[in-house]
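The residues making up each chain are set out below.
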Amino acid sequence: MSDRHRLAAGLRPGLRVGTVLALGGLVFLVVLAVVGPWVIDADPLRTAAGPPNAAPGTDGHLLGTDSLGRDLLARVVVGGRASLLVGLAVSISALAVGSIIGLAAAAGPPWLDWLVIRLLDALTTVPFLVLVLALRAVLAPGVWSTVLVLASFTWMPVARVVRAQVLSLRGRLFVEAAVIGGASRSRVLFGHLLPNAAPPVLAVASAVCAEAIIAETTLSWLGLGIPVETPSWGNILVDAQREILIGNWWSLAAPAVAIAITIACTGLLASQGRRVDVT
Amino acid sequence: MTRYVLGRIATLVPMLLVVCALTFALLDLAPGDPALRIATQLANGPPDLSRVDELREELGLDDPLPVRFGRWLGGVVQGDFGRSAIDGSPVTERVLDALGPTLLLTGSGLLVSIVGGLVLGATVGLLPDRGPGRLARRAIMAMTGVSFVIPAFLVALGGLWLFAVVLGWFPAGGMSDPGEPRTIGATLEHLVLPAVILGIGTNLGVFTRLIAAGVEEQMDAEFVRNARSRSIGRRRIVSAHVVRTSIIPLIAQVGASMAYLVGGAYAVEVVFGWPGLGRMAVEAAQDQDVTVILAVTVISGLVVVAGNLLADVLLGVIDPRVRLARSDS
């Protein structure tokens, strides 16, 4: 069986119920975020679109309104754009940066490996939130600066897994065969080692995506992420803390349910990917 | 044993130093001139430019980065975290005032997740995999799954709404009622809800699954069969043999998840207005108060490293194999 077949078989573990559910949920959320704003006839930013703090189900406001009378359904649907975009962009950059650093550590000179390991250990001694706050103090708020902040501190698990995978695959027969067959160093690395490391790495990237969405909502909720002019699941929650104290649970429930569904789906995908066996 | 502990310290301290250096260099890029800001504060208006230069000289802001880092590190080692970049007040006192509440919350949250994880995990591991037992297992697993799916601050917001606003069982925030002194009773009353939420929101799910897996695996182990053949009761086998052995991976996991736990505590602090380091860090980030962020980073790193070390030492005490393997390598 060639590497390529082995990989294809590994990536298609048969359609499990969990995988289908998770993918379906994510596709639903993405579609909702992309086309929803055209279908739902409400402006997420228009204040006094309805009575302030209207309960869910009040005429025309399925999920109710917030303290400024903005329609919560429209805000959650549009907010999904920013939150899902950040999650996707962060996991893609974490995947790229983590793969390069992990690969460099595994295939490079020993001192580089030593340095990378020390750096990985050091960055995991400080809570993620604190690191992010430190970088946040340096950058102006915005969607792309939030992506940059989060991507800077989420590549570590990817690098760890890539390094471990490459180190464990290096001694396999198919790699030796490629080397004996005269494949160049970069061909072995990028053509043989990296693709075969893919399934666990993709599982980690999926987990990173979930972590990025959680971090975005946390940051925006603290007023340090995406600015309020762009609705996101996090900055919808800015209101929530005040609102729940007077009993308006819906300003918390709407974005919270959206976040929970997203994390559950990406988490499920990650655990499915981990089950895939490449050998 | 001493050698083992010293070895662990020798690997953990350089890690902290790297973090300090990285954060220091990073925060050096922060916009704004602290000398100008402090001078404005002092003059209560547009300051004298010569005064700004004087201040800059005084604070040594023109020195190269490594020199400033060295000076700052020297201060930190002696317990001086410098002055706030916003109002020039000494940072050390504020950080130490916030450290107590943070440790109290983090420790209580950890305790909740450990005790909860042991009880729920042992229950899951012992329930039969058929009939109503299976249903109960599934229910507990699904419940602990919540802590994987919902971030700590959302659990906190939800808990605040349900238990403080709707049911009114607990106060809604702070460490004591406004205007009242911080007595032990009042602190405990205010601590219960955030601590339970921190425990559930961070580690309860992981710990439950870890213990459940350990118990299930060990119920078939030889030492359990041996105990059974000596007609030792089921309850005693579980509490004295099975759970005790399953605690080893739990302690390792506690050490590994320290950073995650402290981060979760910071988010919970903001929700509940708990006067700890997390709330301080968020306010500092909003004000771009570089010195305070640096101080919180160092202290958080220290707390995490101390927790790691404690877990490692505990592991070494309980399980000699760990101690021997690590001091050999």
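Residues numbered from 1 in each chain as written. Chains lettered and ligands numbered in written order. Predicted model: local features only at pLDDT ≥ 70, side-chain atom pairs only at ≥ 80, totals over all residues. Heavy atoms only, no water.

Here's the deal with the overall build of chain B
Here's step 1: Across its full length, chain B carries 15 helices and zero strands.
Here's step 2: Taken over the C-alpha atoms alone, chain B extends approximately 85 × 55 × 35 Å along its principal axes.
Here's step 3: Going through the 329 residues of chain B one by one, you find that 46% of them count as buried.
Here's step 4: Pairs at least 24 apart in sequence give 72% of the contacts found in chain B among residues at least 6 apart.
Here's step 5: Element-wise, carbon and sulfur atoms account for 63% of the exposed surface of chain B, whose accessible area totals about 16200 Å².
Here's step 6: Taken as two groups, the 26 positive and 28 negative side-chain charges of chain B have centres that lie 19 Å from each other. (Helix = DSSP H or I, 4+ residues; strand = E, 2+ residues; numbered from the N terminus. Buried < 20%, exposed > 50% of the residue type's maximum accessible area, 1.4 Å probe, protein only. Contact = heavy atoms within 4.5 Å. Areas by Shrake-Rupley, 256 points an atom, 1.4 Å probe, with all protein chains shown as cover. Lys, Arg positive; Asp, Glu negative; His and termini not counted. Charge placed at Lys NZ, Arg CZ, Asp CG, Glu CD.)

Section: the overall build of chain A
Here's step 1: Of the regular secondary structure elements, chain A holds 12 helices and zero strands.
Here's step 2: Listing the helices and strands of chain A from first to last along the sequence gives α-α-α-α-α-α-α-α-α-α-α-α.
Here's step 3: Split into buried and exposed, the 279 residues of chain A put 53% on the buried side.
Here's step 4: Sequence-distant contacts in chain A: of pairs separated by 6 or more residues, those separated by 24 or more amount to 71%.
Here's step 5: Accessible surface for chain A amounts to roughly 12300 Å². Of this, 70% is attributable to carbon and sulfur atoms.

Let's talk about the interface of chain B and chain A
Here's step 1: Taken together, the contact pairs 40 residues of chain B with 33 residues of chain A.
Here's step 2: Summed over both partners, the interface of chain B with chain A comes to about 3200 Å²; 83% of that surface belongs to carbon and sulfur atoms.
Here's step 3: Here chain B and chain A share zero salt bridges between them.
Here's step 4: Seen at the junction of chain B and chain A, the total is one residue pair in polar contact (both at pLDDT 80 or more).
Here's step 5: Elements supplying a minimum of two residues to the side of chain B that touches chain A: helix 1 (2-27), helix 6 (131-149), helix 7 (152-166), helix 12 (258-272), helix 13 (277-287) and helix 14 (290-318) of chain B.
Here's step 6: Class assignment of the residues belonging to the side of chain B that touches chain A gives a composition of 32 nonpolar, eight polar and no charged. (Buried area = accessible area lost by both parts, 1.4 Å probe. Salt bridge = Lys/Arg side-chain N within 4 Å of Asp/Glu carboxyl O. Polar contact = N/O pair within 3.5 Å; in protein donor to acceptor, adjacent residues only side chain to side chain. Nonpolar A, V, L, I, M, F, W, Y, C, P; charged D, E, K, R; others polar.)

Here's the deal with the nonpolar core
Here's step 1: By size, the foremost hydrophobic cluster in this structure holds 145 residues, and its most contacted members are Leu 237 of chain A together with Leu 157 and Leu 277 of chain B.
Here's step 2: Apart from the residues lying within four places of it in its own chain, the contact partners of Leu 157 of chain B are Trp 221, Leu 237, Gln 241, Ile 244 and Leu 252 of chain A together with Val 271 of chain B.
Here's step 3: Among the nonpolar cores identified, the runner-up in size contains five residues, and Ile 38, Ala 39, Val 52 and Leu 55 of chain B belong to it. (Core = buried A, V, L, I, M, F, W, Y, C linked by side-chain atoms within 4.5 Å.)

Observations concerning the side chain of Thr 291 of chain B
Here's step 1: Structurally, Thr 291 of chain B is set in helix 14.
Here's step 2: Filtering out sequence-adjacent residues up to four positions away, Thr 291 of chain B remains in contact with Phe 81, Gly 82, Arg 83, Ser 84, Ala 85 and Val 91 of chain B.

A word on the pattern of salt bridges
Residue and element names in this part refer to chain A.
Here's step 1: Counted according to the given criterion, the structure contains two salt bridges over all chains.
Here's step 2: As a salt-bridge pair, Arg 163 and Asp 113 come within 2.7 Å of each other at their nearest N and O atoms. Of this pair, Arg 163 sits in helix 7 (residues 156-169) while Asp 113 sits in helix 4 (residues 110-123), and the two are 50 residues apart along the sequence. Take Arg 163 and Asp 113: they sit in the same class, and that class is buried.
Here's step 3: With its nearest N and O atoms 3.7 Å apart, the salt bridge here joins Asp 121 to Arg 160.

Section: the packing of helix 5 (residues 91-126) of chain B against helix 12 of chain B
All names here are of chain B.
Here's step 1: Closest axis-to-axis distance for the helix 5/helix 12 pair is 10 Å, and the angle between their directions is 115°. Here helix 5 runs over helix 12; the crossing is right-handed. The residues of helix 12 that touch helix 5, namely those facing Thr 102, Leu 105, Thr 106 and Leu 110, are Leu 261, Val 262, Ala 265, Tyr 266, Val 268 and Glu 269.
Here's step 2: Looking at side-chain class alone, the contact of helix 5 with helix 12 contains seven nonpolar, two polar and one charged residues. (Axes fitted to C-alpha atoms, helices over the stretch in contact; angles between N-to-C directions. Left-handed = near helix turned anticlockwise from the far one by under 90°.)

A word on the domain arrangement of chain B
All names here are of chain B.
Here's step 1: In terms of domain boundaries, chain B breaks down into domain 1 (2-91) and domain 2 (98-328).
Here's step 2: Taking only C-alpha atoms, the centre of domain 1 and the centre of domain 2 are 34 Å apart.
Here's step 3: Counting from both sides, the interface comprises 24 residues of domain 1 and, opposite them, 23 residues of domain 2.
Here's step 4: Both faces considered, domain 1 and domain 2 share a buried interface measuring about 2100 Å² in area, 77% of it formed by carbon and sulfur atoms. (Domains from an automatic or database assignment.)

Section: helix 2 (residues 34-43) of chain B
Working note: α-helix, 3.6 residues per turn, so residues spaced by three or four point in the same direction.
All names here are of chain B.
Here's step 1: Those residues of helix 2 that sit buried are Ala 35, Ile 38 and Ala 39. For helix 2, the angular spread of buried residues about the axis comes to 100°, placing them on one side.
Here's step 2: Buried residues belonging to helix 2 abut helix 3 (49-59).
Here's step 3: Asn 44 sits one or two positions beyond helix 2 and adopts a positive phi of about 60°. (Arc of directions from axis to C-beta.)

Topic: helix 13 of chain B
Here's step 1: The set of residues buried in helix 13 of chain B consists of Leu 277, Gly 278, Met 280, Ala 281, Val 282, Ala 284 and Ala 285 of chain B.
Here's step 2: Its buried side turned inward, helix 13 of chain B meets helix 5 (128-136) of chain A together with helix 5, helix 12 and helix 14 of chain B.
Here's step 3: Where helix 13 of chain B terminates, the next one or two residues include Gln 288 of chain B, which has phi positive at roughly 55°.

Looking at the environment of Ala 33 of chain A
Residue and element names in this part refer to chain A.
Here's step 1: Position of Ala 33 among the secondary structure elements: in helix 2 (residues 17-39).
Here's step 2: Along the primary structure Ala 33 and Leu 194 are separated by 161 residues, whereas in three dimensions their C-alpha atoms are 33 Å apart.
Here's step 3: When near neighbours in sequence (up to four residues on either side) are disregarded, Ala 33 contacts Val 77, Gly 80, Arg 81 and Leu 84.

Here's the deal with the packing of aromatic side chains
Within a pair of aromatic rings, the relevant descriptors are the distance that separates the centres and the angle that separates the planes.
Residues and elements named next belong to chain B.
Here's step 1: Counting across every chain of the model gives four aromatic pairs over all chains.
Here's step 2: Aromatic pair Phe 24 and Phe 69: ring centres 5.3 Å apart, planes at 65°, arrangement edge-to-face. You can see Phe 24 sitting in helix 1 and its partner Phe 69 sitting in helix 4 (residues 65-77), a full 45 residues away along the chain.
Here's step 3: Among the aromatic residues, ring-to-ring pairing joins Phe 24, Phe 69 and Trp 72 into one connected group. (Phe/Tyr/Trp six-rings, centres within 6.5 Å; stacked < 30°, edge-to-face > 60°.)

Thoughts on the confidence of the model for chain B
All names here are of chain B.
Here's step 1: A residue-level look at chain B finds 95% of positions with pLDDT of 70 or above and a mean pLDDT of 80.
Here's step 2: Per-residue pLDDT, averaged within each element of chain B, yields its smallest value for helix 15 (residues 320-328) (65) and its largest for helix 5 (87).
Here's step 3: For this predicted complex, the interface score ipTM comes out at 0.76, alongside a pTM of 0.80. (pLDDT = per-residue confidence, 0-100.)

Notes on the environment of Trp 144 of chain A
All names here are of chain A.
Here's step 1: Looking at the secondary structure, you find Trp 144 in helix 6 (residues 143-152).
Here's step 2: Expressed as a C-alpha distance, the spacing of Trp 144 and Val 86, which sit 58 residues apart in the sequence, is 8.0 Å.
Here's step 3: Those residues in contact with Trp 144 that lie beyond four places of it in its chain are Leu 85 and Ala 89.

Comments concerning the confidence of the model for chain A
Here's step 1: Across chain A, the average pLDDT comes to 78, with 81% of residues at or above 70.
Here's step 2: Contacts from residues 1-14 of chain A, a stretch scored under 50 in pLDDT, to residues over four places away or in other chains number 16 contacts.

A closer look at the environment of Leu 120 of chain A
Residues and elements named next belong to chain A.
Here's step 1: Along the chain, the position of Leu 120 falls in helix 4.
Here's step 2: Using a relative accessible area of 1% as the deciding quantity, one classes Leu 120 as buried.
Here's step 3: Sequence-wise, Leu 120 and Ala 183 are 63 residues apart; in three dimensions their C-alpha atoms are separated by 31 Å.
Here's step 4: Leu 120 has contacts with Trp 155, Met 156, Ala 159 and Arg 160, leaving out every residue within four places of it along the chain.

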